[in-house]
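Residue-level structural notes
One letter stands for each residue in the lines below.
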Amino acid sequence: MSNIFSSSVGKKFLMSFAGLFLVVFLVVHLSINLLVLKESPEAFNKAAHFMSTNPVIRIMEIVLFGGFLIHMIYGVIVSIQNMIARPINYKKTNNSQTSYFSKYMFHTAVVITIFLVLHLLDFYIRAKYIGGVEDVYYEGIKHHDLAALVIARFHIQWVVIVYVIALLILGFHLHHGFQSAFQTLGLNHPVYTPVIKAAGLIYTILITLGFICIPILIYFFK
Amino acid sequence: MDFTLRIWRQENEQSKGRFEIYKITNVSADSSFLEMLDLLNQQLVDKFEMPICFDHDCREGICGACGLYINGRPHGPDDAITTCQLHMRKFKDGDTIVIEPWRARPFPIIKDLVVDRTALDKIIEAGGYISVNTGGVPDANEIPISKKNADIAMDAASCIGCGACVAACKNASAMLFVSAKISQFAMLPQGRIEAKERVKRMIDKMDELGFGNCTNTGACEAECPKEISLTHIARLNREYFAAKIS
């Protein structure tokens, strides 16, 4: 009998579990990012410093990368299997009543992955390995002036445009992914499923607009 | 009514198929889709041409034999019906109608529009039954079952195994079919005894046969002639995790 994680349902379980973990991560990420909009860069730089030095967060960062990897690897496996399951496609494309974004989860995932790599290279890898980030001292402790880096980046017009487009696509991915994860985990209920769907929509709008407002506000007002 | 039909013709599983174009005239708006195909076949036979093969049996929407992918939808442009219940009045005079077989790796084409759906039977053989002899009809309420559960089981049991869910799914997943067959037993005490083994065996068989993975697009639910709900898929997932953990 097959292993729980090699079966179709098991693979989907891992994907949705990792997906929901990433959903939580986005909330943490956004709440810290919003600090960059404050007048003084101190709060954001201190938060970034805390995130890169606190031992618990360091462990969570490894878990986070694991979550991304599991979500991506299983996503690719599942997508390949799904393509193999229909070797000859229909001439007339399907026009069944389905949610629009659910059909493009793989496409949006590819865009998000490319964006994620660029985003990590530009901020995370730069601050951690490449260097070139100015230092600033608060209470005698050295901090990276990441706020300055972020503000400099978001004064470049094309960077802002790329971020806005990528974040909108992330929103499309989240819109289906949020409620789909609950369904895959077996959490479907006549009363609570509409609540989950509504919560998913509100979450998606808040996260997407929250992230998008950062480059836009910086570009125009900072 | 007059129609232009683009129909998939294929000699057998190995041969290469192609679309053929047929014109048909003077079709009654009240004829069913299959009667329209009967009319076309009669005309082909009269011209000593090979008639088009398509599946059909009861022609009253209860057997699940008919299955055609019509203009991008399994069972054609209407909700909660099988192809035999589709009438030509659902189309406009002069329409071009594209008719394709169900497309999925586990459903090889036998001829033209006829596909081999034995794969669904194999999933049933893997565990979609109760392996005790149940004898005659039991007395009413001998085993108390709540109305709610009885209704859910009955809704699941209305699946006729036509395969429209597989045909509609962008991943060719059979999850809606399997979930209905799991739910009809899972909701009843008679089915609980073998519930864990059943769900594990049926999922294993489904995967082995090469059906795709469910991505919750909901196309299956939209096309199911018996309106089987996605809630059954969530129940299938719950049953599977519970069976694997314990």
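Residues numbered from 1 in each chain as written. Chains lettered and ligands numbered in written order. Predicted model: local features only at pLDDT ≥ 70, side-chain atom pairs only at ≥ 80, totals over all residues. Heavy atoms only, no water.

**A word on the interface of chain A and chain B**
- Each partner contributes to the interface: chain A provides 39 residues, whereas chain B provides 51 residues.
- Of the roughly 3,500 Å² buried at the junction of chain A and chain B (both faces included), carbon and sulfur atoms supply 53%.
- Between chain A and chain B we count zero salt bridges in total.
- Where chain A meets chain B, there are 29 residue pairs in polar contact (both at pLDDT 80 or more).
- Breaking the side of chain A that touches chain B down by element, the ones donating at least two residues are α1 (8-33), α3 (55-84) and α6 (157-184) of chain A.
- Looking at which element gives the most residues to the side of chain A that touches chain B, the answer is α1(A), with six residues. (Contact = heavy atoms within 4.5 Å. Buried area = accessible area lost by both parts, 1.4 Å probe. Salt bridge = Lys/Arg side-chain N within 4 Å of Asp/Glu carboxyl O. Polar contact = N/O pair within 3.5 Å; in protein donor to acceptor, adjacent residues only side chain to side chain. Helix = DSSP H or I, 4+ residues; strand = E, 2+ residues; numbered from the N terminus.)

**Quick word on the packing of α6(A) against helix α7 (residues 192-221) of chain A**
Residues and elements named next belong to chain A.
- At their nearest, the axes of α6 and α7 sit 9 Å apart, and the two run at 170° to each other. By the angle between their axes, α6 is roughly antiparallel relative to α7.
- Looking at the contact of α6 with α7 residue by residue, the class counts come to 18 nonpolar, seven polar and one charged. (Axes fitted to C-alpha atoms, helices over the stretch in contact; angles between N-to-C directions. Parallel < 35°, antiparallel > 145°, perpendicular 65-115°, else oblique. Nonpolar A, V, L, I, M, F, W, Y, C, P; charged D, E, K, R; others polar.)

**Regarding the sheet that holds strand β4 (residues 73-74) of chain B**
Residue and element names in this part refer to chain B.
- The sheet built from five strands is open, its strands ordered β2-β1-β5-β3-β4 with mixed pairing. Here the strands that pair on one side only, and so sit at the sheet edges, are β2 (18-24) and β4.
- Pairing geometry for strand β3 (residues 69-70) and β4, over two bridges, is antiparallel. Of the residues in β4, the one forming a bridge with Ile70 is Arg73.
- Of the strands in this sheet, β1 (3-9), β2, β3 and β5 (96-100) touch helix α1 (residues 33-46), which is tilted by about 90° from β2. (Pairing = 2+ DSSP bridges.)

**Concerning the domain arrangement of chain B**
Residues and elements named next belong to chain B.
- Here chain B is partitioned into domain 1 (3-110) and domain 2 (118-245).
- The interface is formed by 19 residues belonging to domain 1 together with 20 residues belonging to domain 2.
- Together, the buried faces of domain 1 and domain 2 total about 1,400 Å²; carbon and sulfur atoms form 60% of this surface.
- For Glu223, the salt bridge goes to Arg73, with nearest N and O atoms at 2.8 Å.
- Counting across the interface, domain 1 meets domain 2 through four residue pairs in polar contact (both at pLDDT 80 or more).
- The residue makeup of the side of domain 1 that touches domain 2, split by class, is 11 nonpolar, four polar and four charged. (Domains from an automatic or database assignment.)

**Thoughts on the side chain of Lys111(B)**
Residues and elements named next belong to chain B.
- Looking at where Lys111 falls in the secondary structure, it is placed in strand β6 (residues 109-111).
- Relative accessible area serves as the criterion here: at 17%, Lys111 is assigned to the buried category.
- Here Glu11 takes part through its side chain, which lies 3.2 Å from a polar atom of the side chain of Lys111.
- Apart from the residues lying within four places of it in its own chain, the contact partners of Lys111 are Gln10, Glu11, Met50 and Cys53. (Buried < 20%, exposed > 50% of the residue type's maximum accessible area, 1.4 Å probe, protein only.)

**A few points about the packing of helix α4 (residues 105-130) of chain A against α6(A)**
All names here are of chain A.
- Contact geometry of α4 with α6 gives a least axis separation of 9 Å together with a crossing angle of 135°. Viewed along their axes, α4 and α6 adopt a mutual orientation that is oblique. Judged by the sense of rotation from one axis to the other, the crossing of α4 with α6 is left-handed. Residue-level contacts link Met105, Thr108, Ala109, Val111, Ile112, Phe115, His119 and Phe123 of α4 to Tyr163, Ala166, Ile169, Leu170, Phe172, His173, His176 and Gly177 of α6.
- For the contact of α4 with α6, the per-class residue count stands at 11 nonpolar, five polar and no charged. (Left-handed = near helix turned anticlockwise from the far one by under 90°.)

**Let's talk about the nonpolar core**
- Core analysis: the largest hydrophobic core is formed by 72 residues, its most contacted members being Leu5(B), Phe33(B) and Phe211(B).
- For this core, the element with the highest residue contribution is helix α5 (residues 175-186) of chain B, accounting for seven residues.
- A domain-level breakdown of this core finds at least three residues from each of domain 1 (3-110) and domain 2 (118-245) of chain B.
- For Leu5(B), the residues in contact, after removing those within four places along its chain, are Glu20(B), Ile21(B), Tyr22(B), Ile24(B), Met36(B), Leu40(B), Ile97(B) and Ile99(B).
- By size, the runner-up hydrophobic cluster in this structure holds 40 residues, among which are Ala47(A), Ala48(A), Ala166(A) and Ile212(A). (Core = buried A, V, L, I, M, F, W, Y, C linked by side-chain atoms within 4.5 Å.)

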